[in-house]
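Residue-level structural notes
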Amino acid sequence: MTQAAHKKPLPVSKQAALTRLRGVGPALAEKLGRLNVYKPEDLLFILPLRYEDRTHITPIGALRPGDRAVIEAEIELTEVAYRGRRTLMCRIFDGSAALTLRFFYFSRAQQQGLARGKRVRCYGEVRKGSAGLEIVHPEYRLITDASAPLADHLTPIYPSTEGVQQGRLRNLINQVLDEQLGSNKTSTANGFTDWLPASLLQDQNLPTLQEAVRYLHRPPANAKLAELSAGRHPAQQRLAMEEILAHHLSLRQIRQRAERLKAGAMLIPKSNNNSGNNLTKQLLNNLTFTLTGDQHKALEVILADLAKAHPMMRLLQGDVGCGKTVVAAAAALHAVSAGYQAVIMAPTELLAEQHRDNLQNWLKPLGVELAWLSGTLKGKQRNQAYAAIASGEAQIIVGTHAVFQAAVEYQQLGLVIVDEQHRFGVHQRLSLMEKGASGVHRPHQLVMTATPIPRTLAMTMYADLDVSVIREMPPGRQAIQTVALPDTRRGDVVTRVRAACTQGQRAYWVCPLIGESEVLDFQDAESTFTMLTEALKGIRVGLIHGRMRTDEKEQLMKAFSAGDIQVLVATTVIEVGVDVPEATLMIIENSERMGLAQLHQLRGRVGRGAEKSTCVLLYRGPLSNDATERLGVMRETGDGFVIAQKDLELRGPGEVLGKRQTGLMQMRVADLIRDAGLLPHIQDVAQQLLRDHPDAVTGIMHRWIGTAGEYGNV
Ligand code: ADP
Ligand code: MG
């Protein structure tokens, strides 16, 4: 787990293991540590990004622009040309054709070395120059002996990494390969043990660990490059499987340990009247609506968990707008009824405030005390909040990460609820549990996410959690009509926005992040804002973007919520979960560049009130096949689970299951999207190992996770 690893100083003993390699001193060991390399073996899991074929010489006559190849030829002429800039041109001929080597940076010695009549062997990318084929800045060497050996396997190109050069990395990896795989050992005393039983590998048609590693670092000349670059070679799959397995096993271990922990069994004292002390019941009675069947089921399961004497660890999944908040509130009130405090945390101030306001409305009539904590709360107010929390006067605490700061002391924290959990990784999840821990007692934990996670993924990568799903939407919701339009029709859309706003409706106009540049992103939104301000005279247009301060953003969201702003131009900062029921129009610019998950999240901002809502996907043509398919999916369905599944299949740039979205761990080899096909199988393998090979379980976890952040330390 990279983040944790970054902060940890490198233990001396681990550095020592690395410095055993030639050329590695403490400084390099330190740098390698930043790449999660702590022991020589770890180097083998830095896999090449691509390969170059330097195993044979290609005749110049057979080359085409764009080819990368080794050529060998005789130098005919070397001269310095001054065409715009000083250039060294070296003309070579191999009997089949001539080619020019071109250098913009060169030394006198280099120039003299490339003398007429010498033989040169070089590698580089061929392009079409002004005088026929050329290679700019080839790698080259002069050859005296025509039988000088070529590479006997493909040349790996490693990801360029901060402070560790390609050649250096290749050299270190070669040292470890020679050491570990030099002989035909299947395992060594150095801990490079193949933990997966042979029978299992045979079943799956997968290579052994040694075979896989050797193949990936030194593939034979005839290796299937297309398969390798797609990450689908059995050697890659073998490693990916082991890595995912390692994470899955460690999650199961967390779970097992959690089962040994204790928690307050939340039982509600009986009273004379039916709902006397039962605040949950009172809340449900006071609501202006009744829970949907799925909400009801989720709540039942949660209440049953809370009644147990060991900590609940539950994930509540449900698409935006399905009504998770009221379920959370009902659970929190159950804790309060049983004499505990409950805390509800949201990832942003805006979302936390929205929860606070909703809860406040629900709690007031029940006489339950709520405390608010956020990073921006200062001085006297903050101290008051701290005091109320410590004394137990505050029964439900709502806020941002601030609720977990060391300074906050709870009197009797029984339940932790985290909203929009996809922004939190396993580590955060675990550290939350530690707040309010005493001895073997931990608070119950409920995490909520609007990101639909396909079942196999949830079972594999959230194996530490039980999962509840709300699929049903509250009644009366109208489907959001979705249309895709080329951006040449922007004018029509503006007309439509004007009409809607005149009738008291509100619109979002979203300009997505383009090219990962906050500056461009901002300019784009700003020019749209200017355009709309012009085009919509008399209608109040606002602009919200990622560079604003939190309080500025909040002001704008509030103004939009209150109707003081009717059209809100936004970069993608508009937060997941923000609720403005009057917003009925969502216009998304450059929708062709966005992934399904993000489109779905954005669309979920509208359709929250009684009015019919529309989502307009503006795109700039021509559309790629993938983009066409994505926009098609958006038009056809509003079901987040269907969309998540599609996203998995299309693997578009949105990556519904990408790290950012799900808070899933950063992996070294595996890619949960690309390797999704492995997931169903991994649970079986885990089961088998836990039953028959407990050593392997420890070994695998140690190899992939052990060094970088203690995982299961609950
Ligand atoms: P999310 O699951 O995205 O957090 P919210 O909890 O914000 O959804 O709920 C969305 C809206 O639906 C809120 O205004 C909420 O009060 C309302 N709501 C929740 N449950 C129901 C229900 N069973 N019937 C009608 N409206 C509901
Ligand atoms: Mg929500």
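The text that follows walks through the structure, step by step, so that each part is easy to find.

1. Concerning unusual backbone geometry
In this chain, Gly 621 is followed by Pro 622 through a cis amide linkage whose omega measures -5 degrees. Relative to the helices and strands, Pro 622 resides in the loop between β21 (614-619) and α22 (625-636). Phi angles above zero are rare outside glycine, and His 137 is one such case at about 45 degrees. Mapping His 137 onto the fold places it in the loop between β6 (132-136) and β7 (139-143). Under the relative-accessibility criterion, His 137 is labelled partly exposed at 34%.

2. Digging into the sheet that holds strand β18 (residues 541-544)
Taken in spatial order, the six strands of this open sheet run β16-β21-β20-β17-β19-β18, and their pairing is parallel. The two strands at the open ends of the sheet, each matched to only one other strand, are β16 (481-486) and β18. Strand-to-strand, the axes of this sheet are offset by a mean angle of 20 degrees, without reference to chain direction. The pairing of strand β17 (residues 506-510) with strand β20 (residues 583-588) spans five bridges and is parallel. Looking at the pairing, Val 510 lines up with Ile 588 of β20. Relative to β20, helix α21 (residues 596-603) is tilted by about 150 degrees, and along the sheet it contacts β16, β17, β20 and β21.

3. Some thoughts on the site of ligand 1
Around ligand 1 lies a shell of 15 residues, among which Gln 295, Gly 321, Lys 324, Thr 325 and Arg 477 are the nearest. At 2.8 Å, a side-chain N or O of Gln 295 approaches a nitrogen atom of ligand 1. Contact with the protein chains hides 82% of the accessible area of ligand 1, taken as 560 Å² for the molecule alone. Class assignment for the residues of the shell around ligand 1 results in five nonpolar, six polar and four charged.

4. What to know about the packing of helix α10 (residues 234-260) against helix α25 (residues 679-692)
At a minimum axis distance of 10 Å, the contact between α10 and α25 shows a crossing angle of 60 degrees. As far as their axial angle goes, α25 and α10 are oblique. Between α10 and α25 lies a crossing whose hand is right-handed. Judged by residue contacts, Met 241, Ile 244, Leu 245, His 248, Leu 249 and Arg 252 of α10 engage Leu 679, His 681, Ile 682, Gln 683, Val 685, Ala 686, Gln 687, Leu 689 and Leu 690 from α25.

5. Side note on the packing of helix α11 (residues 279-286) against helix α13 (residues 324-337)
Where α11 contacts α13, the two axes come as close as 7 Å, and the packing angle between them is 145 degrees. Seen from α11, the contacting residues are Leu 279, Thr 280 and Leu 283; seen from α13, they are Val 326, Ala 329, Ala 330, Leu 333, His 334, Val 336 and Ser 337. Residues that form the contact of α11 with α13 fall into these classes: seven nonpolar, three polar and no charged.

6. Focus: the side chain of Ser 468
Of note, Ser 468 is situated in strand β15 (residues 466-470). The exposure class assigned to Ser 468 is buried, which follows from its relative accessible area of 8%. Side chain to side chain, Ser 468 and Arg 314 meet in a polar contact 2.8 Å long.

7. Remarks on the packing of aromatic side chains
One pass over the structure, following the stated rule, counts three aromatic pairs. Seen from their ring centres, Phe 103 and Tyr 140 are 5.7 Å apart, and the 75 degrees between their planes marks the pair as edge-to-face. Pair noted here: Phe 103 is in strand β4 (residues 98-103) and Tyr 140 is in strand β7, with a separation of 37 residues, a long-range link. For Arg 54, the ring lying beneath its charged end belongs to Tyr 123, and the centroid distance is 4.1 Å. Seen from the ring of Phe 104, Arg 85 lies directly overhead, with NZ or CZ sitting 4.3 Å from the centre.

8. Quick word on the sheet that holds β15
Strand order across the open sheet formed by seven strands is β11-β12-β10-β13-β14-β9-β15, with parallel pairing between neighbours. Strands at the two margins of the open sheet, each flanked by one partner only, are β11 (370-373) and β15. Direction aside, neighbouring strands of the sheet carry axes that sit 20 degrees apart on average. Here four bridges tie β11 to strand β12 (residues 396-399), and the two strands are oriented parallel to one another. Paired with Trp 372 across the strands is Val 398, a residue of β12. Against the sheet, helix α15 (residues 379-391) makes contact with β10 (341-345), β11 and β12, and its axis sits at roughly 135 degrees relative to β11, the strand it touches most.

Reading the values: the criteria
Residues numbered from 1 in each chain as written. Chains lettered and ligands numbered in written order. Predicted model: local features only at pLDDT ≥ 70, side-chain atom pairs only at ≥ 80, totals over all residues. Heavy atoms only, no water. Helix = DSSP H or I, 4+ residues; strand = E, 2+ residues; numbered from the N terminus. Buried < 20%, exposed > 50% of the residue type's maximum accessible area, 1.4 Å probe, protein only. Pairing = 2+ DSSP bridges. Axes fitted to C-alpha atoms, helices over the stretch in contact; angles between N-to-C directions. Contact = heavy atoms within 4.5 Å. Near = heavy atom within 4 Å. Polar contact = N/O pair within 3.5 Å; in protein donor to acceptor, adjacent residues only side chain to side chain. Areas by Shrake-Rupley, 256 points an atom, 1.4 Å probe, with all protein chains shown as cover. Nonpolar A, V, L, I, M, F, W, Y, C, P; charged D, E, K, R; others polar. Parallel < 35°, antiparallel > 145°, perpendicular 65-115°, else oblique. Left-handed = near helix turned anticlockwise from the far one by under 90°. Phe/Tyr/Trp six-rings, centres within 6.5 Å; stacked < 30°, edge-to-face > 60°. Lys NZ or Arg CZ within 6 Å of the ring centre and 35° of its normal.

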